[in-house]
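Examining the three-dimensional arrangement
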Amino acid sequence: MKVAVLVKQVPGWESLRLGPDRRLDRTGREPEMNPYCRRAVSQGVRLARETGGECVVLTLGPPSAEDCLREAVACGADRGVLLSDEAFAGSDTLATARALTAALHRLGSFDLVVCGRNSVDAETGQTPVQIAELLGLPMVAGVRELTLTGATLQVRAEHDDGWLRTELPLPALLSCAERLINPAKAGPEERAAVPGSSIGRLDAAALGPGPWGDAASMTEVGDTRRTAGTRLRLRYAGDVDSQVRKAVRKLAELGAFDPAAEPRTPVPEPGPNRGGGEVVVLAEEGRDRLTQELLGRAAVLAAAGGRQVTLLGQAPPSPAVAGAWGADEVRTITGSAAERDIAEWLAEWCSARTPWAVLAPSTTWGREITGRSAARLTAGLVGDATDVSLGARGEPVCWKPAFSGDLVASVTCRSTIGFITVRGGALPVLAPRAAVAVRGPDLTVVPRHGAWATLREYDDELGVLARARAVVGVGAAIPPEDYPLLEPVLRALGAELAATRKVTDRGWQPRARQIGVTGRSVAPQLYVAIGTSGKFTHMAGVGSAGLVLGINSDPTAPLFDSVDVGVVADWRDALPRLVLALEQHGVPRSFAPLPRGSAG
């Protein structure tokens, strides 16, 4: 088997933190191979060895990215290929995908292309999808189990709040989740010992006329803005009892336990359609909360621009419900449930209708469909946005978290049609309006690329954290055998449990519970961070929380720069006292959790 592995160099992720100026401190931080890509290298090497084949590792980046290739070869890869040229500067995900695809074509045919699930400096996961589309390959994202039988792969993959079991024929593309296989790692001496002849180089000229880099990019990064507010960063002197009592008292004064929900902004009433392209929302089956978030924002954008909102989905809500949420028209997609089929159809449909924007959930389903469609149309795709607004020229402006947890950057599409995936929980749910959408004719997708066999399993519900008024987030310092100790505070607050990336990567919590840059955003009235150092990579996901309480025994932990109230104590000592203090304030009686299934 001939295997190609695509890797990326990222900043030294685990050591990054914000400096005193609240900017990313890169001092002394050496770049390294993306953690998910380490799994891809190990998997590619294993398959090549088992089948008597070859494993070739490619990366696009500056000359320093050669170190990733040396590490891959030191871990068993046969050779590495570095794509490096000033002409590649400014590449967005589509331009990167086009360059890597051209390199793969130049190197010959491969039976399997393996990538990391995503890079830890961005959660988009777009590049593998777009490479798969440009190569004309089936793909599965987030693979955790893999078996090769002849020319068929049997895989089990992590998908948001559940699992996908499927078979697919070779050639194919896979992206790797954590725990698929032990990561490839080699020290400086092992990397230095790799002969230079093992590393090939390709520049832009070797790949063809292009365009490449910024000239091939369909998205553009613009201004940055600060996220709402700065945390109070309060801490109190005294023993654990005193700190906890004062913390709860202050949180109560600030309204952390106020059961009265703020009045929601209503969905705008339908207005005249002045043309200029419709706002399309893709509804994933079983994701009503995400659909409601997207429709509310789509209705706001449509009202400002005099456009219509069209909802497309395999099992969309009824016209009455969809209309109340913001849709003007509802159309059902029939014929095939395969993402690749839907993406091919959507690209053709968009080419004929030229919508103003296509909004989709930032789920595995939404990413594959929009990623493939955008690649087919050479259109802009902004992934994992946390907000979408109307620009000065009437264009959609997407906002994405920047490396500083206090900043978001604006991204716009250069193409006529803009594809946008939006992070669940990032947009507010608007109060329903009194309107009924028109039911349009069904849209039939021609089945061409369906998987051979598919079984979906669910181990969580993606909307749980979005509905919760209180969320308790835990880090790797709390092992799963100690989770029962968290139950009293979860009950006292009516809270849901969330986690950092380290926790979900270890399988201690489902990925649907992961908060941060590479996870989800949440906006509860109160977020309680326990057992985590509080790096911005996690705390960026709670920027919209009303108030944040942090508990850590290390007074120098970065957590205390990102909370409203901090308690310096061992969590085992603090939690029983926190429960007692909450009871003394009557919190269990006044701060009941939202009922299961609530949309608000």
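Here is a short report on the structure shown in this document. (Residues numbered from 1 in each chain as written. Predicted model: local features only at pLDDT ≥ 70, side-chain atom pairs only at ≥ 80, totals over all residues. Heavy atoms only, no water.)

1. A look at the overall build of the protein chain
- A count of helical and extended segments in the protein chain gives 17 helices and 32 strands.
- In summary, the protein chain has a C-alpha radius of gyration of 24 Å against a globular reference of 25 Å for 600 residues, a match within 12%.
- A principal-axis box enclosing the C-alpha atoms of the protein chain has dimensions of 70 × 65 × 45 Å.
- Counting only residues that meet the buried cut, the protein chain has 60% of its 600 residues in that class.
- Counted over contacts in the protein chain with a minimum sequence separation of 6, partners at least 24 positions apart contribute 73%.
- When the accessible surface of the protein chain is summed, it comes to about 23,000 Å², and 50% of that surface belongs to carbon and sulfur atoms.
- Positive and negative side-chain charges of the protein chain, numbering 66 and 68 respectively, have mean locations separated by a distance of 2 Å. (Helix = DSSP H or I, 4+ residues; strand = E, 2+ residues; numbered from the N terminus. Rg over C-alpha atoms; globule rule 2.2 N^0.38 Å. Buried < 20%, exposed > 50% of the residue type's maximum accessible area, 1.4 Å probe, protein only. Contact = heavy atoms within 4.5 Å. Areas by Shrake-Rupley, 256 points an atom, 1.4 Å probe, with all protein chains shown as cover. Lys, Arg positive; Asp, Glu negative; His and termini not counted. Charge placed at Lys NZ, Arg CZ, Asp CG, Glu CD.)

2. Digging into the pattern of salt bridges
- For the structure shown, the criterion picks out 32 salt bridges.
- With a closest N to O distance of 2.6 Å, arginine 38 and glutamate 71 form a salt bridge. Here arginine 38 is found in helix H1 (residues 35–50), whereas its partner glutamate 71 is found in helix H2 (residues 66–74), with 33 residues between them in sequence.
- By relative accessible area, arginine 38 is classed as buried at 10%.
- Looking at glutamate 71, the relative accessible area reads 4%, which means it is buried.
- Note that aspartate 384 is salt-bridged to arginine 423, the shortest N-O span being 2.7 Å. Residue aspartate 384 is found in strand S20 (residues 380–385), and its partner arginine 423 is found in the loop between strand S24 (418–422) and strand S25 (438–439); the two are separated by 39 residues along the sequence. Both residues of the pair, aspartate 384 and arginine 423, count as buried. (Salt bridge = Lys/Arg side-chain N within 4 Å of Asp/Glu carboxyl O.)

3. Examining the side chain of arginine 289
- Residue position: arginine 289 is located in helix H8 (residues 288–305).
- By relative accessible area, arginine 289 is classed as buried at 15%.
- Separated by 3.3 Å, the side chain of arginine 289 and the backbone oxygen of alanine 466 make a polar contact. (Polar contact = N/O pair within 3.5 Å; in protein donor to acceptor, adjacent residues only side chain to side chain.)

4. Describing the pairing of strand S8 (residues 112–116)
- For S8, the buried fraction is high: five of the five residues fall into the buried class.
- Going residue by residue along S8, you find Leu112, Val114 and Gly116 tucked away on one face and Val113 and Cys115 tucked away on the opposite face as well.
- Sheet topology note: the strand S1 (residues 2–7)/S8 ladder contains four bridges and is parallel. Note on S8: the bridge partner recorded for valine 3 is leucine 112.
- Two strands pair when backbone bridges link them, and S8 and strand S12 (residues 172–176) are joined in this way by five bridges, in the parallel orientation. Each bridged residue has a counterpart across the sheet, and for valine 113 the counterpart in S12 is leucine 173. (Pairing = 2+ DSSP bridges.)

5. Considering the pairing of strand S22 (residues 396–401)
- Within S22, five of the six residues are buried, which leaves the element mostly enclosed by the surrounding structure.
- Here strand S21 (residues 387–390) runs beside S22; their pairing, made up of four bridges, is antiparallel. Bridging across to S22, valine 388 finds its partner in cysteine 398.
- Taking the residues that link successive antiparallel strands as the turn, the S21-S22 hairpin has five residues, and the phi of glycine 394 there is positive, at about 80°.
- Summarising the sheet, S22 and strand S23 (residues 407–413) pair through four bridges and their orientation is antiparallel. Looking at the pairing, tryptophan 399 lines up with serine 410 of S23.

6. Some details on the packing of helix H4 (residues 126–135) against helix H11 (residues 364–377)
- Two numbers describe how H4 lies on H11: the axes approach to 8 Å, and their chain directions differ by 50°. Of the possible angle classes, the one that applies to H4 and H11 is oblique. Of the two elements, H4 crosses H11, and the hand of that crossing is right-handed. Across the interface between the two elements, Val129, Gln130, Ala132, Glu133 and Leu134 of H4 pack against Arg367, Glu368, Gly371, Arg372, Ala374, Ala375 and Arg376 of H11. (Axes fitted to C-alpha atoms, helices over the stretch in contact; angles between N-to-C directions. Parallel < 35°, antiparallel > 145°, perpendicular 65-115°, else oblique. Left-handed = near helix turned anticlockwise from the far one by under 90°.)

7. Observations regarding helix H3 (residues 93–107)
- Compared with the 21 Å implied by 1.5 Å per residue over 15 residues, the 21 Å span of H3 between its first and last C-alpha is a close match.
- Taken across its 15 residues, H3 has 12 buried, putting it largely inside the fold.
- The complete set of buried residues in H3 reads Thr93, Leu94, Ala95, Thr96, Ala97, Ala99, Leu100, Thr101, Ala102, Ala103, Leu104 and Leu107.
- By the N-cap criterion, in which a side-chain oxygen at the helix start approaches the backbone nitrogen of a residue two or three places on, H3 is capped by aspartate 92, the distance to leucine 94 being 3.2 Å.
- Downstream of H3 by one or two residues, glycine 108 has phi in the positive range, about 110°. (Expected span 1.5 Å × (residues − 1).)

8. A word on the packing of aromatic side chains
- Counted under the stated rule, the structure contains two aromatic pairs.
- The interplanar angle of 80° and the centroid separation of 6.3 Å between the aromatic rings of phenylalanine 88 and tryptophan 212 together place this pair among those described as edge-to-face. Here tryptophan 212 lies in the loop between helix H6 (204–207) and strand S14 (219–226) and phenylalanine 88 lies in the loop between strand S7 (79–83) and H3, a separation of 124 residues in the sequence.
- Given the relative accessible area of 5%, phenylalanine 88 is considered buried.
- Cation over ring: lysine 2 sits above phenylalanine 110, and NZ or CZ is 4.7 Å from the ring centre.
- Lying across the ring of phenylalanine 560, arginine 235 places its NZ or CZ 4.5 Å from the centre. (Phe/Tyr/Trp six-rings, centres within 6.5 Å; stacked < 30°, edge-to-face > 60°. Lys NZ or Arg CZ within 6 Å of the ring centre and 35° of its normal.)

9. A word on the sheet that holds strand S29 (residues 496–499)
- Ordered by their spatial adjacency, six strands build an open sheet running S15-S32-S31-S30-S28-S29, and the pairing between neighbours is parallel. With one partner strand each, in any of the chains shown, strand S15 (234–235) and S29 form the two edges of the open sheet.
- Taken together, the four bridges between strand S28 (residues 470–474) and S29 define a ladder with parallel strand orientation. Residue pairing across strands places valine 472 opposite leucine 497, the latter belonging to S29.
- Packed on one face of the sheet, helix H7 (residues 240–253) meets S15, strand S30 (526–530), strand S31 (547–552) and strand S32 (565–568) and runs near 170° to S32.
- In the packing of helix H16 (residues 571–584) onto the sheet, contacts are made with S30 and S31, and the angle to S31 comes to roughly 135°.

10. A word on H16
- Helix length check: H16, at 14 residues, gives a terminal C-alpha distance of 20 Å against a target of 20 Å (1.5 Å per residue), a fit within 8%.
- Among the residues of H16, Trp571, Ala574, Leu575, Leu578, Val579, Ala581 and Leu582 are the ones counted as buried. Down the axis of H16, the buried set is contained in an arc of 165°. They therefore lie on one face.
- Downstream of H16 by a residue or two, glycine 586 has a phi angle that is positive, lying close to 70°. (Arc of directions from axis to C-beta.)

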